[in-house]
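# Inside the fold
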Amino acid sequence: MLNNIGLPGLLLIAVVVLVLFGRGKISSLMGEVGKGISSFKKGVSEGKQELEDSAVAAKDVTPEDEKEKDKDEA
């Protein structure tokens, strides 16, 4: 369905949206979209960093006798 729009159709849609909402409203909306994308990227990177930090902080809780058994088998 969207494959049939083409460049003239996209231009027509852009002109209609510009006429309906005005330049100021569209620019403020795009600014908010940009802030949202930036916030999302920041949240993803913070979550990734938190996971990496927790992986480093994870410790081996295997009982000592099982560790020795694994060493003997190797």
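In this report, we go over the structure that sits alongside the text.

Each value, and the rule that gives it
- Residues numbered from 1 in each chain as written.
- Predicted model: local features only at pLDDT ≥ 70, side-chain atom pairs only at ≥ 80, totals over all residues.
- Heavy atoms only, no water.
- Salt bridge = Lys/Arg side-chain N within 4 Å of Asp/Glu carboxyl O.
- Helix = DSSP H or I, 4+ residues; strand = E, 2+ residues; numbered from the N terminus.
- Buried < 20%, exposed > 50% of the residue type's maximum accessible area, 1.4 Å probe, protein only.
- Patch = residues over 30% accessible without salt bridge, like charges linked within 9 Å, V, L, I, M, F, W, Y side chains within 5 Å.
- Areas by Shrake-Rupley, 256 points an atom, 1.4 Å probe, with all protein chains shown as cover.
- Lys, Arg positive; Asp, Glu negative; His and termini not counted.
- Charge placed at Lys NZ, Arg CZ, Asp CG, Glu CD.

Overall, the coordinates contain 1 salt bridge when judged by the stated rule. In this structure, E32 engages K35 in a salt bridge whose closest nitrogen and oxygen atoms are separated by 3.8 Å. Of the two residues, E32 and K35 are both situated in helix α2 (residues 23-57); the distance of 3 residues between them amounts to about one turn of the helix. The burial state of E32 is the same as that of K35; both residues are exposed.

What follows is about a nonpolar patch on the surface. There is a patch of nonpolar side chains on the surface, built from L10, L12, I13, V16, V17, L20 and F21 and spanning about 680 Å² of accessible area. Tracing the backbone shows V17 in helix α1 (residues 6-21). Owing to a relative accessible area of 32%, V17 belongs among the partly exposed residues under this scheme.

Together, E46, E50, E52 and D53 make up a negatively charged patch on the protein surface. Tracing the backbone through its elements, the reader meets E52 in helix α2. For E52, a relative accessible area of 42% puts it in the partly exposed group.

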